[in-house]
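Architecture and fold: a report
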Amino acid sequence: MIEFAIKGYNIFSTNLSITHTRGILMYVEKNLQATQIDVDTTYQEIMGIKIRDNQKDILLFTVYRSPGSSNANDAKLFDIITKISSTEKHSQVVIMGDFNFPEINWSNWMASADNKKGKDLIKCLRDNFLYQFVDQPTRARSTQTPHTLDLIIANEECINDIEYLSPIGKSDHNVLA
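Parameters and conventions
Residues numbered from 1 in each chain as written. Predicted model: local features only at pLDDT ≥ 70, side-chain atom pairs only at ≥ 80, totals over all residues. Heavy atoms only, no water. Core = buried A, V, L, I, M, F, W, Y, C linked by side-chain atoms within 4.5 Å. Buried < 20%, exposed > 50% of the residue type's maximum accessible area, 1.4 Å probe, protein only. Helix = DSSP H or I, 4+ residues; strand = E, 2+ residues; numbered from the N terminus. Contact = heavy atoms within 4.5 Å. Expected span 1.5 Å × (residues − 1). Arc of directions from axis to C-beta. Salt bridge = Lys/Arg side-chain N within 4 Å of Asp/Glu carboxyl O. Pairing = 2+ DSSP bridges. Axes fitted to C-alpha atoms, helices over the stretch in contact; angles between N-to-C directions.

Some thoughts on the nonpolar core
- Ile81, Ile95, Phe99 and Leu121 are the most contacted members of the largest nonpolar core, which totals 26 residues.
- Those elements that provide at least two residues to this core are β5 (58-64), α1 (71-87), β6 (92-98), α2 (116-127) and β10 (150-154).
- In terms of residues, this core owes the most to one element, α1, which gives 5 residues.
- When sequence neighbours within four positions are dropped, the list of residues in contact with Ile95 reads Phe61, Val63, Ile81, Ile84, Leu151, Ile152 and Ile153.
- Judged by nonpolar contacts, the second largest core, of 15 residues, contains Phe133, Val134, Ile152 and Ile162.

Remarks on α2
- Given a rise of 1.5 Å per residue, 12 residues ought to cover 16 Å, and the 16 Å separating the end C-alpha atoms of α2 matches this to within 8%.
- Three or more residues of α2 are buried, namely Gly118, Leu121, Ile122, Cys124 and Leu125. Axial view of α2: buried residues confined to an arc of 155°, hence all on one face.
- Buried residues along α2 sit against α1, β7 (104-105), β8 (110-111), β9 (131-132) and β10.
- Immediately beyond the C-terminal end of α2, within one or two residues, lies Phe129, with a positive phi of roughly 55°.

A closer look at the pattern of salt bridges
- Inspection of the entire model under this criterion finds 7 salt bridges.
- Close ionic contact of Asp40 with Lys83 constitutes a salt bridge, the shortest N to O distance being 3.2 Å. Of this pair, Asp40 sits in the loop between β3 (34-37) and β4 (46-51) while Lys83 sits in helix α1, and the two are 43 residues apart along the sequence.
- Classification of Asp40 as exposed rests on a relative accessible area of 57%.

Observations regarding the environment of Ile24
- For Ile24, the location among the structural elements is in strand β2 (residues 24-29).
- In this structure the C-alpha to C-alpha distance between Ile24 and Gly97, which are 73 residues apart in sequence, comes to 9.7 Å.

Section: α1
- Between the first and last C-alpha of α1 there are 24 Å, a value that for 17 residues agrees with the 24 Å anticipated at 1.5 Å per step.
- Inspection of α1 places Asp74, Leu77, Phe78, Ile80, Ile81, Ile84 and Ser85 among the buried residues, and these make up the whole buried set. Axial view of α1: buried residues confined to an arc of 160°, hence all on one face. Across from the buried face of α1, at angles greater than 90 degrees, the exposed residues are Asn71, Ala72, Asp79 and Thr87.

Re the sheet that holds β5
- In spatial order, the strands read β3-β4-β5-β6-β10-β9; together these 6 strands make up an open sheet with mixed pairing. One side of each edge strand has no neighbouring strand; the edge strands of this open sheet are β3 and β9.
- Strand contacts of α1: β4, β5 and β6, with the helix running at about 160° to β6, the strand carrying the most contacts.

Examining the pairing of β10
- With respect to burial, β10 is a largely interior element, 5 of its 5 residues being buried.
- The alternating pattern of β10 places Asp150, Ile152 and Ala154 on one face and Leu151 and Ile153 on the opposite face, and all of these are buried.
- One ladder, built from 5 bridges, connects β6 with β10; its direction is antiparallel. Paired with Met96 across the strands is Ile152, a residue of β10.
- Here 2 bridges tie β9 to β10, and the two strands are oriented antiparallel to one another. Across the sheet, Tyr131 pairs through a bridge with Ala154, a residue of β10.

The structure is reproduced here in structure tokens:
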């Protein structure tokens, strides 16, 4: 993994050698005390990091959900979101990643009437009293309609300003900073 190294950062990863998943990488500044945590789930494309803070732990999770995700896979994702948010009451929890729910309008937290999967995600977030902070499209490709696919979800109102930066390389997803 040396080819992914960035000076001044520790790298954490999961699923990089499994051929049927994309794998997840997270970079954490070396001056932060961070450890990878075990995520007890059958949902494969999630990774967690615990950052020790003086006041409380910060738990960061990165998720990838395929646009063609099955109902069963979505149920696993919603279950792990519920588990994380209900068992970590004394920690700040942030779940971020590419969720691939283009049909959700995040300005009003609504999915189209015929979109059960989008409605199920919204219900999961509401049932667990979670916030979603991304309010602009994060993916655009030539003539396609831009969509908000990448989300930042938390159990507290802890995200103040999000910068929407240009994609890196050949990606069609914005960088969120």
